[in-house]
Each structure stands twice: as structure tokens, then as C-alpha cells.
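Results of the structural survey
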Amino acid sequence: MIKDEMTSMERVLTALGQEEPDRVPYFLLLTMHGAKELGMSIKEYFSRPENVVEGQIRMREKYGHDCYYPFYYASLETEAWGGSTIFYEDGPANAGAPVIKKIEDIESLEAPDVWDSPQLLKVLKSTEMLKDHAGEDVPIIGVAMSPFSVPPMQLGFDKYFDIMYEDRELFDKLMEVNTDFCIEWSNAQLEAGATAICYFDPVSSPTLIPRELYRETGYKIQKKVTSQLNGPVAVHLASGRALPIIDDIADAGASVVCTSVIDDLTEVKTACKGRMSVLGNLNGIEMRNWTAETTANTVREAIEKAAEGGGYILSDNHGEIPYQVPHEVLMGISDAVRKYGQYPIDR
Amino acid sequence: MENDKRASMDFENALINVDRIAAEDVIKKALHVGEGDVFRVIDTIISPALESIGSKWEAGDIALSQEYMASKITEELTNKMLPIESPQRSSRPSIGITTLKDQHMLGKQILKALISSNGFNLIDYGCMAIENIKEKLKTDNIEVLFVSTLMLNQALTVKEITEFIEQEKIGTKVIVGGAPFLFDEGLWKEVKASAMARTAVEGIHISQRLMGE
Ligand code: B12
């Protein structure tokens, strides 16, 4: 095959196979920008699966990145559990008041049925439509919140830490229910056409909990979920630190780890030892103010640090580019990947 | 002096290991030795321990969950020694705290626990709308307003508060913190805050400096 004729799928799979494709693959993990693209509010945009599909297609036509990303917003999952969502004009939707009011309610908690939730069905519909459009040419990245990281929205972060430290029985019960749900929800997305699942698990990050605690909790859950999914898993720490637990994440069965700007990309790449690929780690929050020069240099530096030998996909470090990041920066990232990311990498 | 230092380190270790009983023992003993002088215990044992925990979190040596549990245990202990309504507190300068419209409360909670563990008089504005905060600023005589946000769009609205304070010549100092400020070093200036802090304890130090304490 002539290298520059690669489709996005071939490019990504080659990189994940720890080989060098034609150029460095990159994921612009855009969600809310689709609303700008379609000239509607964020709330309206996420109300119809067709909008998300149209937004994703238009953005990929514009920037030429290597995936579709039918992720809506994190609290959509909690809506399936009976929660509410608060929308903003200029930022991501947030979960409303926690659904679990008293921690004792966990004892009788039951997971919702994925197929009974109109909200989840919207995401599945977007995924199916994107799959029809993309065929085998473009990877579709599905998203699931880890059973271990969804509780801050289900019951509040404080109560969650309280049970994690002081009531393991309730904690285990919550994890059990959440794990069943996460597996069903992830597999439903894979069945609808997602190529891989991006498993958001920032609470496992050493930024949030110590590694010893992670080994007893988040790690075991990651391992269990990963073993039961019918597709590859990318563990995403949503800009939390990853380096100290890279070996654990690999052991738990992840194919990809997404790392933060606070981790050194070269160190992360080395620590992965070819067992996992690396996704990351542009600072999305700072990106809003990047000049053309900063954009080009930052992309170039990331490529120089991590791209050699494949096993690297460039992206932001949170898994969602903030609404405030302008078109020029996104275009600048795309241009820089094409300029500096041709294999073999020129140092 | 040496004893205080050792006690503070014992207290810190108890907190990091989430050992309530050991933590309480250190404080009880210190109160006994110091003849019940609560502020002395705060200054010599509690504050240095919390400060060290804050720097360890910033350096990535301990995780946020440990900082949260530490702040929670300390708050329980100080509230026992120095009840919220205590006149010793209300004579101190007023600090306001809010997340603006951000729904994320954990940062504020940790901060609140630490500020109140330091004996300050604290007013919690929750996640009040900006218009309401403005009204409060006019009437409540707040010397320092702590703003904690996780969402970038909420962080950007701090500017509405700081510009209002400037316009109305209210004089309240605004200290900001939370993830968006940690990830974008220039953001606090962009929203015209008086300062940013990477940890709660740093925030307290800055506020003491700003209030001339
Ligand atoms: C864990 C996490 C999650 C978890 C749990 C979140 C939750 N609380 O509900 C999950 C997976 C559910 C999640 C989801 C989302 N997340 Co999130 N998440 C994080 C992460 C990793 C940690 C956040 C956290 O809770 N930290 C704990 C708090 C207490 O820490 P802190 O704010 O830093 O506070 C400390 C200090 O900064 C200081 N401090 C804080 N405030 C102040 C104030 C003053 C005055 C002072 C002195 C000090 C101080 O004291 C604290 C203790 O030391 C951050 C990234 C990161 N590395 O921080 C992203 C992050 C907060 N998430 C982000 C986003 C966007 C989201 C979503 C909106 C994504 C989406 N589209 O759905 C959802 C929203 C969830 C919801 N509630 O509806 C963004 C927000 C910024 C932005 N881009 O707008 C962040 C910053 C990631 C990033 N780098 O962009 N997330």
C-alpha cells in the first residue's frame, strides 16, 4: 500500500500496532463546536442525534482529523439514572443535583436498562449513523464513564470519598451496579459501530487518589470492565496525572492511555514500552489563547517527543476541546500535524 | 518549639493516613499542654500540618482524596474546639466564598474546611448567580472573596465580579483557584483577580497578606 493513501482507520490502526503510518494520526475531540457549526445552542444541538452526526461530519471535513467522536456530555449517563442536566450557552453541560440523595439509597440502587433510556439511545443512533457514513474508513470513538469515576455526579464528590474511605460495603455495592451498567452501555456502543471505547476514569488518577488506593479499587474495576468489552479500550484520565500508574493501566488491559500536559510525553511513551499507545497531551484550557506560532511549536514538540515508531495519536489532554477554542487554533493544529507529522519524523 | 514541631508532624501523618483517633489525640494533648489556647494550637500545629499537606498535593506527592479527608477531619476537630458561632471567630475579618454558577462543590468544601480550621469568619455564598453575589458584596463588608471554579466558562465570568468591584469601589479582593487556573497560568490576570492560589493554604496566606494580618 502506498503510505499516503491511508485512510484514517488504516493510519490509526497502524499506529496502534506500534508501527509508523504515513503521518501522525490526530483526534480533535470536538463536541460543542458542532453547535457553533450548525448555528444553534449547545442544548438544541444535543437534543437530536442527527445534529451531532451533521456536526461531526462537517468538523471532520473542515479539519481532516482521524476520528468521529459521538460523545455528548458526561451527565447524559446520569440522566439515564434519573438525574438532570444543566445547559450553558458557552460551555459543557453539567450534572444537576445528585440522584442519590442519601448514601443508604445505594443499598437498593438498580442500574437502568440502556435500551430503555431515550438519552442513551440518541448516542447509539448518532453512532450508527456515523458508522453508515464512515464505513471502515474512519474510527468512531465511543465514550463511557468508568464505574469508578461516575459517582461524583451520582452522589457528590465528598460523599463518594467518604464511602471510599469509610464504608467499603456501600462502595462495593455502588461499584457492582455501576460496573454492570458500564459494560452494557459500552458494548451497546461497540455494537452500534464504535471502533473503541474511551473509558473516562480520572478518579483513578494519582491526582485524585493515591496509587495504593487505586490498586484496591479503580484498577480492579478497570480490569473487570476491560475484560468484558467487545472492543479495545482507551483509558482516559481527563487531564489527571497518568505516569505513576502506567504499568497498572497496561496490566488492566487498556490499548491506549491518554495523558495529561502535567506528564512528560517522552516519559509516558517510554513507560508504555510498546504495550499501550499514547493519546495526548495538548493543554485544551490554554489553547484558547494560542498564537499561530505557539500552536505550531506545541504540536511539533509533542510529535518530536512521542511519535517515533508509531504508538502515538495526538489530541488534547482532556478528551474535549473547550468551546472557547477558536477555529484558527484548530486549523493550526491540523496544519502543523500535516507539516511536522509525516513519517519518518524529521528531528 | 521542638515539641510543637513534632506534634505538627504527628498530626500531619495522622491526617494523611486518615486516622481520626490519632489526629484527635495530638490535638487533645496540645490543648492540655497549651492550657486550652485554641489559636495557639491552630497556629503551631494545625496550620503547619495543613500547609505541608497542601504543598505535598501541589507537588503530586499526595492525592486530592487525602487532602479532602485531612481537611474534613481537621474541620471536625476545630469546630469542636472553636464552634462556628464563637465570638472569637466573628471578631475576625470576613471571608466570602463561592463557586459562582459552577455546580462543582468539592474545591469549595475543602477550602471552607481549611479556612474555618484557621479560625476565620466565613460566609458561604454557594453557587449563587452573579447578580446576587454583587448585591451581597455591597452589603456584607467582605474583605476577601474566594472563588473556586472547575469549568472554564464559569472561570471566565469572574471578570464580571472584579469589574463590578472596581466600578463600585467596594475594595473586596478576589482570590481565584481551581482547575482552569491551574491549567492556564495567565487566566487569573485575564479575569482581573487580585491573585490566584494553587492550594487552599496558599489562598489563606495570600488573603492574610492582602488583609494586612
Ligand atoms: C475528576 C474529574 C471529572 C469526574 C468527576 C467530576 C465532578 N466533580 O463531578 C468526571 C469524569 C465525572 C468529570 C466530568 C466532567 N468534566 Co471533569 N475533570 C475531572 C478532573 C480530573 C478533576 C476535577 C476535580 O473534581 N478535582 C477536585 C477539585 C477539588 O480540585 P481543584 O478544583 O483543582 O481544587 C483544588 C485546588 O485547585 C484548590 N482550589 C480550588 N478552588 C480554589 C479556590 C481558591 C480561592 C483557592 C485558594 C484554592 C482553590 O483547592 C483544591 C484542593 O487542593 C479535572 C481535571 C484536573 N486535572 O483537575 C477535569 C475537569 C474539571 N473536567 C472538565 C470538564 C469539562 C468536565 C465535563 C463538563 C465534560 C463533559 N463535557 O461532560 C464533565 C462534567 C461533569 C459534571 N459534574 O457534570 C474540565 C473543566 C474545564 C473546562 N474545559 O471547561 C477539567 C478541568 C478538565 C480539563 N483539563 O479541561 N470530570
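See above for the structure.
Rules of the game
Residues numbered from 1 in each chain as written. Chains lettered and ligands numbered in written order. Predicted model: local features only at pLDDT ≥ 70, side-chain atom pairs only at ≥ 80, totals over all residues. Heavy atoms only, no water. Helix = DSSP H or I, 4+ residues; strand = E, 2+ residues; numbered from the N terminus. Buried < 20%, exposed > 50% of the residue type's maximum accessible area, 1.4 Å probe, protein only. Contact = heavy atoms within 4.5 Å. Core = buried A, V, L, I, M, F, W, Y, C linked by side-chain atoms within 4.5 Å. Domains from an automatic or database assignment. Polar contact = N/O pair within 3.5 Å; in protein donor to acceptor, adjacent residues only side chain to side chain. Salt bridge = Lys/Arg side-chain N within 4 Å of Asp/Glu carboxyl O. Buried area = accessible area lost by both parts, 1.4 Å probe. Nonpolar A, V, L, I, M, F, W, Y, C, P; charged D, E, K, R; others polar.

1. Digging into the side chain of A:Thr295
Residue and element names in this part refer to chain A. By the element assignment, Thr295 lies in helix H15 (residues 292–306). Assessed through its relative accessible area of 1%, Thr295 is described here as buried. The contact partners of Thr295, leaving out residues within four places of it in the chain, are Trp290, Val329, Gly332 and Ile333.

2. With respect to the nonpolar core
Core analysis: the largest hydrophobic core is formed by 143 residues, its most contacted members being A:Tyr160, A:Leu314, A:Ile333 and B:Phe11. If you tally residues by element for this core, the top one is helix H9 (residues 168–192) of chain A, at twelve residues. Inspection of this core shows a minimum of three residues originating in each of domain 1 (2–81) and domain 2 (92–211) of chain B. If we skip the residues at most four places from it in the chain, A:Tyr160 touches A:Phe148, A:Pro151, A:Pro152, A:Leu155, A:Phe171, A:Leu174, A:Met175 and A:Val203.

3. As for the side chain of A:His33
All names here are of chain A. In this structure, His33 sits in helix H2 (residues 33–38). We classify His33 as buried; its relative accessible area is 6%. Looking at His33, its side chain comes within polar contact range of the main-chain oxygen of Val325, at 2.9 Å.

4. Quick notes on the pattern of salt bridges
Across all of its chains, the model carries 31 salt bridges over all chains by this definition. A single network of salt bridges, built from pairs that share partners, joins A:Arg11, A:Asp22, A:Arg23 and A:Asp66.

5. Digging into the interface of chain A and chain B
Taken together, the contact between chain A and chain B spans 31 residues of the former and 28 residues of the latter. Taken together, both faces of the contact between chain A and chain B bury some 2,300 Å²; the carbon and sulfur share is 58%. Contact with chain B buries area across many residues of chain A, yet A:Tyr165, A:Ile285 and A:Arg288 alone supply 23% of it, more than any other trio. Linking chain A with chain B are four salt bridges. Across the pair B:Glu190 and A:Arg288 runs a salt bridge, and its minimum N-O distance is 2.8 Å. Connecting chain A to chain B are 16 residue pairs in polar contact (both at pLDDT 80 or more). Going through the elements one at a time, strand E2 (94–95), helix H8 (157–166) and helix H14 (284–287) of chain A are the ones with two or more residues in the side of chain A that touches chain B. Looking at which element gives the most residues to the side of chain A that touches chain B, the answer is H8(A), with six residues. In the side of chain A that touches chain B, the residues fall into 15 nonpolar, nine polar and seven charged.

Taken by themselves, the reported measurements are silent on function.
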